[in-house]
Amino acid sequence: TAGVIAAASLTACASGSASTGSSAGAQPKLAFVQGVAGDEFYVSMQCGIDAAAKAAGATINTQGPAKFDPTLQKPIVDSIVASKPDAILIAPTDVAAMQAPLKAAAAAGIKVVLVDTTVQDPSFASSAVASDNKGGGLEAFKAIKNLNPNGGKVLVISTDPGVSTADARVAGFEEGAKADSSFQYLGVQYSHNDPAEAAKLVSAALAKDPDIVGVFATNTFAAEGTATGIRQAGKQNQVKIVGFDAGPAQVKQLKDGVVQALIAQEPASIGTQGVEQAIKAIKGESTQKEIQTGFKQITADNISGEGAQYVYKS
Ligand code: T6T
């Protein structure tokens, strides 16, 4: 079906790479600032960005901080702004801290397209392209409920407050959990995007509430650490885990039966559409202020079939 074909292009890196931009003056000059370097979600997004940049004859300069941290991302933005690209695609690491630097970039005449995360007031941006993160959080709750039809205690392990995507996922999950009286929502704990910290939080939570039945982990790193923590506690038969994202290590945990479901995003599609909007903005054409991309629930039942194409690139 068309959906399957589209999905295949969402994670697969097309052959060939983006133009390197050594010639022709008319090539649009784009920059991509990741939330964090090396994260398979942004690696997959890069596949879509490269393909779309190549199609548009644009150059692309990609940079990312070593940690998902605005104090490390802001200097990267500053240096990129100084290099005067036509447009910046960026996943801001914090809704408040990245507001002023990005607004200033837009005021300097650089088109700004938000990919994945957003900021408090994104009105300066030409476009914001992201998953339906709140909807994905609600889907995660429904998956936990499916796995625990009798309800029970549920916990969320997130990254940091102020990360718009993760906060929206928490909000979606929380809404579902609080509306269902068979569940007791234990709240959210923040792992700072560190799997080891997520594992520690989960062990401590299980020591306090040994009867937890489900954990929702809001991104790759939170999910990897949550699964490790549950396995180390020997509770994998009792605690069901639903994680956001579909990095290779997460998928291995799914196949090993430690994790029961993953909510996979379509990062390459976010990248492709982000570039398309950036090019329109550069040309002075009208842009779409907000674009929402889809997600897909992956389980042991579909990971060898239609789910496989959603696995992120590493
Ligand atoms: O979940 C993605 C991304 O959507 C989020 O904003 C930050 O974490 C990831 O990159 C996964 O590690």
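Quick notes on the rules
Residues numbered from 1 in each chain as written. Predicted model: local features only at pLDDT ≥ 70, side-chain atom pairs only at ≥ 80, totals over all residues. Heavy atoms only, no water. Helix = DSSP H or I, 4+ residues; strand = E, 2+ residues; numbered from the N terminus. Expected span 1.5 Å × (residues − 1). Buried < 20%, exposed > 50% of the residue type's maximum accessible area, 1.4 Å probe, protein only. Arc of directions from axis to C-beta. Contact = heavy atoms within 4.5 Å. Polar contact = N/O pair within 3.5 Å; in protein donor to acceptor, adjacent residues only side chain to side chain. Axes fitted to C-alpha atoms, helices over the stretch in contact; angles between N-to-C directions. Left-handed = near helix turned anticlockwise from the far one by under 90°. Nonpolar A, V, L, I, M, F, W, Y, C, P; charged D, E, K, R; others polar. Pairing = 2+ DSSP bridges. Right-handed = clockwise from strand over helix to strand, strands pointing away. Near = heavy atom within 4 Å.

Observations regarding helix α7 (residues 195–208)
Between the first and last C-alpha of α7 there are 20 Å, a value that for 14 residues agrees with the 20 Å anticipated at 1.5 Å per step. Where α7 is concerned, the buried positions are Ala198, Ala199, Leu201, Val202, Ala205 and Leu206. One face of α7 carries all of its buried residues, which in axial projection span an arc of 160°. Opposite the packed face of α7, turned more than 90 degrees from it, sit the exposed residues Lys200, Ala207 and Lys208. Tucked inside the fold, the buried residues of α7 contact β6 (152–158), β7 (183–190), β8 (212–217) and α8 (220–232). Capping of α7 at its N-terminal end is provided by Asp194; its side-chain oxygen lies 3.0 Å from the backbone amide nitrogen of Ala196.

With respect to the environment of Phe244
Take Phe244: it is sitting in strand β9 (residues 240–244). Its relative accessible area of 0% is what places Phe244 among the buried residues. Distance from Phe244 to Thr218, taken between C-alpha atoms, is 5.1 Å for residues 26 residues apart in sequence.

Let's talk about the packing of α8 against helix α9 (residues 248–255)
It is the contact of α8 with α9, at a shortest axis distance of 9 Å, that shows an interaxial angle of 35°. Relative to α9, α8 is oriented so that their crossing is left-handed. Touching Thr220, Ala223, Glu224, Ala227 and Thr228 of α8 are Ala249, Gln250 and Gln253, all from α9. Tallied by class, residues from the contact of α8 with α9 come to 3 nonpolar, 4 polar and 1 charged.

Some words on the pairing of strand β10 (residues 261–265)
Burial of β10 is extensive: 5 of the 5 residues sit out of reach of the surface. Alternating residues of β10 divide into Ala261, Ile263 and Gln265 and Leu262 and Ala264, and every residue in both groups is buried. Here 3 bridges tie β9 to β10, and the two strands are oriented parallel to one another. Looking at the pairing, Val242 lines up with Ala261 of β10. At this point the chain moves from β9, through α9, to the parallel β10, and the crossover so formed is right-handed.

Remarks on the site of the ligand
The ligand sits among 13 residues. The nearest are Asp39, Asp116, Thr165, Arg169 and Asp245. Arg169 places a side-chain nitrogen or oxygen 2.7 Å from an oxygen atom of the ligand. Elements supplying a minimum of two residues to the shell around the ligand: α2 (40–56), α6 (164–178) and α8. Residues that form the shell around the ligand fall into these classes: 4 nonpolar, 5 polar and 4 charged.

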